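Summary of the model geometry
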Amino acid sequence: MKGGRLTYRFARPNALSGGSASGGAMGTNSEVAQLFREIADLLDLAGERFKPEAYRRAARSLEGLPEDLRALAKRGEIDAIPGIGDALAEKIREYLATGSIPYLAKLQAQFPPGLLELTRLPGLGPKTARRFWVELGVEGPKELADALAAGRLNGVKGFGPRKIELIGQALASATTPGRRLSMVEADQIARSIVASLRARAPLDAVELAGSFRRCRETVGDLDVLVTSREPEKVFDAFTTLPGLARQLMRGPTKSTIVLDSGLQVDLRVVAPEEFGAALQYFTGSKDHNVHLRSIAKARDLRINEYGVYRGEERIAGATEKEVYATLELPWIPPEIREDHGEIEAAQHHRVPKLVELSDVRGDLHVHLAADATATTVRSAVAGGEALGLEFLGFAVPADSGSSDELVKIVRSTPSSRLRVLLGAEGTPDELAALDPGAFDYAIATRPTHEAERPKRGGHPKGATSPPTLLAHFPPPNPLPDGSSLVVGPEAPSHGVDSSLLRQLAEAGGAIALSADSPDGNDLDRLRLAVGLARRGWTTAATVTNARPWAART
DNA sequence: GCCGTTTTCGGCCCGACTGTTTTCAGTCG
């Protein structure tokens, strides 16, 4: 069964699928991934050495799939998924057929359910949880709190006063688990951290690494990487940042804090000659790095966060480019470093040239509040000019009577440096009722009757000519001819994530990148939309607003 | 449990940090 492995091909034309009505990752895939993670945690408790990571690797792989497991199962391609072998393929098939995995139930029966909760407390892992259970009969957080209060932890080997104190803190803070932030939220926090550090400590290079740099749709923590001649001053500034809740650790090269928001932030100070290696290493993803290391190993090289080594000799490390070059790879854009085919593509020099912020010539989806004034619009236009945009389109509601005033304001706003455009946004019915000559373009939203009856493949009928832009979430499949899907920084919360964009890109679908900014205040957020698009392997060719306005039809 | 320019067995990333240790184990990323 194992011989002649199929190479899994991501996405297929016309597979822009659905199933994603509820926010991004396809339901089945993330369900199975979640179950695999639970199996991994239980296997940790059981003391297994390598199986847990195998299940976690499989879980990550499933979450990165652009296609639903059920569709893959139909084509018999389950065991072609990276990280899924015979055993896990069988468990997936069991789940698809019955809705459960017997192996998980079997593992669950071996441990009290509260034990897993214990391992989720910060600083408390499977080994400790298991010891508490075996030695103290502790079956969960509640029993642990009782044991702690009764002083039953005193005198347990390996548990001094400090550790007991930390366990108490962990139990107390257990009610506020850090949630993952959206890219928009993470971006704001990251920028303020960098600004604050720069203002208060002598920094040379500073970069955000981790999933933030990969522009993941959500971010669980932030990794700040810095070079500085005075690391201590940087750590001093870091551990006194505004909004700091507590410091988790501080060593000579690394410090970790938690902000009031619950967000964990890591800071590392590295030497300039190590900066590229550290940036590469901490940008990840884990699977991307594991894959790189296996390539390095085959060449008798070793990669870590300090550099690339041949024996004891460091042969690269100052820049990411030279790190990749030692593996005869071109530099790979951070947004696609997921081990989702980018390394193979790089080996064959087939990584597409991803869209860049400088490719974007305008934004066609600036919202205006009903009470927007001429000042509002002028200020938005000034923002667009400052960014060097060639055109800026305001989306005015097609339905409301108050739109007339907005139309007048937009039409009378002058700009010598960019073209001010007027778009009508509404359901196909509303757009059809408009005078076609009154607007420069149309933005179709989901018809109201369709919203009540979510159905894929809906084509806005009766729209004035084919709509230029589509603000349907989740988008219909396929996209209507001649339309472009509006993609803003908050698209992931509407089910438009990078894997959907990658399918769209491979199917040749067009998108329109937008800052999606109210009143045009934050046109700068365009770079977040660009990041999301890059993550979806999007090139400038499929970005409608990367072309001059005049070149549009 | 997965995987293979180390192929069907024998590996599986590894360093920083912490607390408790007298040299290390556990956790984390």
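Rules used throughout
- Residues numbered from 1 in each chain as written.
- Chains lettered and ligands numbered in written order.
- Predicted model: local features only at pLDDT ≥ 70, side-chain atom pairs only at ≥ 80, totals over all residues.
- Heavy atoms only, no water.
- Helix = DSSP H or I, 4+ residues; strand = E, 2+ residues; numbered from the N terminus.
- Buried < 20%, exposed > 50% of the residue type's maximum accessible area, 1.4 Å probe, protein only.
- Lys, Arg positive; Asp, Glu negative; His and termini not counted.
- Salt bridge = Lys/Arg side-chain N within 4 Å of Asp/Glu carboxyl O.
- Polar contact = N/O pair within 3.5 Å; in protein donor to acceptor, adjacent residues only side chain to side chain.
- Contact = heavy atoms within 4.5 Å.
- Pairing = 2+ DSSP bridges.
- Axes fitted to C-alpha atoms, helices over the stretch in contact; angles between N-to-C directions.
- Near = heavy atom within 4 Å.
- Right-handed = clockwise from strand over helix to strand, strands pointing away.
- Domains from an automatic or database assignment.
- Parallel < 35°, antiparallel > 145°, perpendicular 65-115°, else oblique.
- Left-handed = near helix turned anticlockwise from the far one by under 90°.
- Nonpolar A, V, L, I, M, F, W, Y, C, P; charged D, E, K, R; others polar.
- Phe/Tyr/Trp six-rings, centres within 6.5 Å; stacked < 30°, edge-to-face > 60°.
- Lys NZ or Arg CZ within 6 Å of the ring centre and 35° of its normal.

**Concerning the side chain of Asp363**
Mapping Asp363 onto the fold places it in strand β11 (residues 362-367). One buried charged side chain, Asp363, makes no salt bridge at all; its nearest oppositely charged neighbour is Arg525, positioned 8.2 Å away. Here the side chain of Asp363 touches His365 through a polar contact of 2.8 Å, landing on its backbone nitrogen. With near-sequence residues (within four places) excluded, Asp363 lies in contact with Leu389, Phe391, Leu392, Gly393, Leu513, Ser514, Ala515, Asp516, Leu523, Leu526 and Asn545.

**Brief notes about the sheet that holds strand β12 (residues 391-397)**
Spatially, β11-β12-β13-β14-β15-β16-β17 is the arrangement adopted by the seven strands of the open sheet, whose pairing is parallel. Since the sheet does not close on itself, it has two edges, and those belong to β11 and β17 (510-513), each with one partner. For this sheet, the mean angle separating the axes of adjacent strands, direction not counted, is 35°. One ladder, built from seven bridges, connects β12 with strand β13 (residues 419-426); its direction is parallel.

**Quick notes on the protein's contact with DNA strand B**
Around DNA strand B, the surrounding shell holds 45 residues, and the nearest of these are Gly125, Thr128, Gly160, Arg162 and Tyr306. In DNA strand B, atoms within 4 Å of the protein come 76% from sugar and phosphate. Here Gly83 contributes a backbone N or O atom positioned 2.6 Å from a phosphate oxygen of DNA strand B. Contacts to DNA strand B include Ala298, whose backbone N or O atom sits 3.0 Å from a phosphate oxygen. Elements supplying a minimum of two residues to the surface near DNA strand B: α2 (51-64), α4 (86-98), α7 (126-136), α9 (161-172), β5 (244-250) and α14 (286-298).

**Structural notes on the sheet that holds β5**
Taken in spatial order, the five strands of this open sheet run β2-β4-β7-β6-β5, and their pairing is mixed. At either end of the open sheet lies a strand with only one pairing partner, and these are β2 (206-208) and β5. The sheet shows a mean angle of 20° between the axes of neighbouring strands, taken without regard to direction. Sheet contacts for helix α12 (residues 231-238): β4 (221-226), β5, β6 (254-259) and β7 (264-269); angle to β7, the most-contacted strand, approximately 170°.

**Observations regarding the pairing of β12**
Of all seven residues that make up β12, six are buried, and the element is covered over most of its length. Here β11 pairs with β12 via four bridges, running parallel. If you follow Asp363 over to β12, its bridge partner there is Leu392. The parallel pair β11 and β12 is bridged by helix α17 (residues 374-386), and the resulting crossover is right-handed.

**A few points about the domain arrangement of chain A**
For an interface, size is often stated in terms of accessible area lost upon the parts coming together. Looking at chain A, the domain boundaries give domain 1 (18-108), domain 2 (113-174), domain 3 (181-269), domain 4 (273-347) and domain 5 (357-552). Between the C-alpha centres of domain 2 and domain 3 the distance comes to 30 Å.

**Quick word on the packing of helix α1 (residues 27-45) against α4**
When two helices pack together, their arrangement is given by the angle between the helix axes and by the axis-to-axis distance. Following both chains from N to C, one finds α1 and α4 inclined at 125°, their axes separated by 11 Å at the closest point. As the angle between them shows, α1 and α4 are arranged oblique. For the crossing formed where α1 meets α4, the hand is right-handed. Two secondary-structure elements touch here, α1 through Thr28, Glu31, Val32, Leu35 and Phe36 and α4 through Leu88, Lys91, Ile92, Tyr95 and Leu96. For the contact of α1 with α4, a count of residues per class yields seven nonpolar, one polar and two charged.

**Regarding the side chain of Thr28**
Its place among the elements puts Thr28 in helix α1. Judged by relative accessible area, which is 8%, Thr28 ranks as buried. Beyond its immediate chain neighbours, meaning those up to four positions away, Thr28 contacts Asp68, Leu69, Arg70, Tyr95 and Leu96.

**Focus on the pattern of salt bridges**
Evaluated as defined, the whole model comprises 36 salt bridges. For Glu135, the salt bridge goes to Arg131, with nearest N and O atoms at 2.9 Å. Placement of the pair is Glu135 and Arg131 together in helix α7, with a separation of four residues, close to one helical turn. Looking at Arg131, the relative accessible area reads 30%, which means it is partly exposed. One salt bridge in this structure joins Arg527 and Asp524, with 3.1 Å as the shortest N-O distance. Counted as one network, the salt bridges with shared partners bring together Asp41, Asp44, Arg56 and Arg120.

**What about the pairing of β13?**
Among the eight residues in β13, seven count as buried, and that is most of the element. Across four bridges, the pairing between β13 and strand β14 (residues 441-445) is parallel. Looking at β14, one finds that Glu425 is bridged to Ile443.

**Comments concerning the packing of aromatic side chains**
According to the stated counting rule, one finds seven aromatic pairs in the structure shown. Between the aromatic rings of Phe391 and Trp549, the centroid separation amounts to 5.8 Å while the plane-to-plane angle is 55°, which identifies the pairing as tilted. Residue Phe391 is located in strand β12, and its partner Trp549 is located in the segment after α22 (526-535); the two are separated by 158 residues in the primary sequence. Per residue, the accessibility class of Phe391 equals that of Trp549, and both read buried. Ring-pair connections join several aromatic residues into one group, and the members of that group are Phe36, Tyr55 and Tyr103. Positioned above the aromatic ring of Phe159 is the side chain of Lys163, whose terminal nitrogen or guanidinium carbon lies 5.4 Å from the ring centre.

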